[in-house]
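# A closer look at the structure
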Amino acid sequence: MLYEWSVKVADGEIRDLVLDGRSQIRYGRTTADVQPEPTSATLTMLTYDAAPQLFANRPSYILNPNVIPTGFTTYWSDVYEGVDTVLTVGARVQISIAGQSGFTAEWVDIYTGGLAQSTRFDGHIVSLDYRPGEVQLTAATKQENLGRVIVGAEGYPAQTDADRVKAISEDALVDIQVQPGTDQNLIAQEVESERTAWTALQRIARDTGGLLYSTREGRLQYRQLGSYTPKTVSVDPLHTLVDPLLMSLDISRIANQVQVQYGERDPETGKRPTVNSSNAPMVDELGQRQKDYILELADEADAQARADWRTSLEPLWEVGTVQVFLKGASKELQDDIANLELGDVVTLPQLLPGGPVDTYNGYLLGYTETISADEWAFNLHLTPWDWNGV
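Everything quoted here is computed from the prediction, not taken from an experiment.

## A closer look at the sheet that holds strand 20 (residues 274–278)
Sheet architecture is open: three strands sit in the order 20-19-21, paired in mixed fashion. Here the strands that pair on one side only, and so sit at the sheet edges, are strand 20 and strand 21 (290–294). Taken over all neighbouring pairs, the strand axes of this sheet differ in orientation by 15° on average, direction set aside. Bridging between strand 19 (residues 257–261) and strand 20 involves five bridges; their strand directions are antiparallel. The residue of strand 20 that forms the bridge with Val260 is Val275. Here helix 5 (residues 300–312) sits on the sheet and contacts strand 19, strand 20 and strand 21; the angle it forms with strand 20, its principal contact strand, is near 25°.

Here it is as structure tokens:
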């Protein structure tokens, strides 16, 4: 391995107590039908009752600040070289990976073309589960709080999606970075149309074809339509499991006739205008597959573009999840996988003979990253349909 892990809670290093292969980071989403959830991490660690010898000379953490591993009843005061970390809800959790020459305050490219950044997760503990021998820590980025903050009591005027995101960020007291692309106009939101900030932001992203997600560094970002150009990463067949690879072809996500409601309601009829889109060849081939949407878009052209994109999707062989193992991989492949962004294209250049396709290109929806002492593994969640330019 060219890189090694650091797992810190409240600035205390607990890497040596994290159980191998039982700790994961979840980033993005697993299906294109929903917007990403806040990035989260689950760490499973040994406790003192399971391995007291690990705590004897270098106590890495304690659950109870009033009782320390050596049996004293006063608060631990860092007599030994090392750290004293108290596991408690709200404590900051930082997971990083860096070159074996060591961690630095700011990332430095130790290798030519090395990782542009070392942070894999930055959040806080939201729950602790203890059982004799181990404790499981669940952490999330600070954006999970947006599911409890209500916005929109005073309504919002008709405005662009970028302006609406900024208005919600101000009301929710959270910073949201807007990656500029194509502005789309939204209808006004009525007074007392309260929603949680997270629901409101996800609705904007869903209706416009944008993307709302939490970065690995814990920042919240709104990616406007057409703002991102994906890069392509080819995975060496030696580092993927192609034998149990599941490929599916089904029509559950296909809609060949779509109606979209958009715009303001007619004051007399109370109805909203609609646009329609149809893919006649697919109707002939698959029969009618109707899907209706209610969007908060203000302009007919934007609503029509959304409807036309939806009916353009055709049945494709789909690989939902690809397992990638980076032990023994080249530095370039490790860097490429570590720096994957949502929407990037992952290419599997060589699949097993006899399968439905020889190669596969999938757009990254998200991933689950496993923390292990001697392995670096990813489950990449992919879709064959390009949702970057929706």
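## Brief notes about the side chain of Thr141
Considering the arrangement of structural elements, one finds Thr141 in the loop between strand 9 (134–140) and strand 10 (150–151). Of the polar contacts made by the side chain of Thr141, one reaches the side chain of Ser214; its length is 3.3 Å. When neighbours within four sequence positions are excluded, Thr141 is seen to be in contact with Pro38, Thr39, Phe121, Asp122, Gly123, His124, Ser214 and Gly218.

## Considerations on the sheet that holds strand 16 (residues 220–223)
Reading across from one edge, 12-16-15 is the order of the three strands in this open sheet, with mixed pairing throughout. Of all the strands in the sheet, just strand 12 (176–179) and strand 15 (211–214) have a single pairing partner and so form its edges. Strand-to-strand twist in this sheet, taken as the mean axis angle between neighbours without regard to direction, amounts to 20°. In terms of strand pairing, strand 12 meets strand 16 through four bridges, oriented parallel. Note on strand 16: the bridge partner recorded for Ile176 is Leu220.

Thresholds, definitions, all that
Residues numbered from 1 in each chain as written. Predicted model: local features only at pLDDT ≥ 70, side-chain atom pairs only at ≥ 80, totals over all residues. Heavy atoms only, no water. Pairing = 2+ DSSP bridges. Helix = DSSP H or I, 4+ residues; strand = E, 2+ residues; numbered from the N terminus. Axes fitted to C-alpha atoms, helices over the stretch in contact; angles between N-to-C directions. Contact = heavy atoms within 4.5 Å. Polar contact = N/O pair within 3.5 Å; in protein donor to acceptor, adjacent residues only side chain to side chain.

Everything listed here is a matter of geometry and, on its own, says nothing about what the molecule does.
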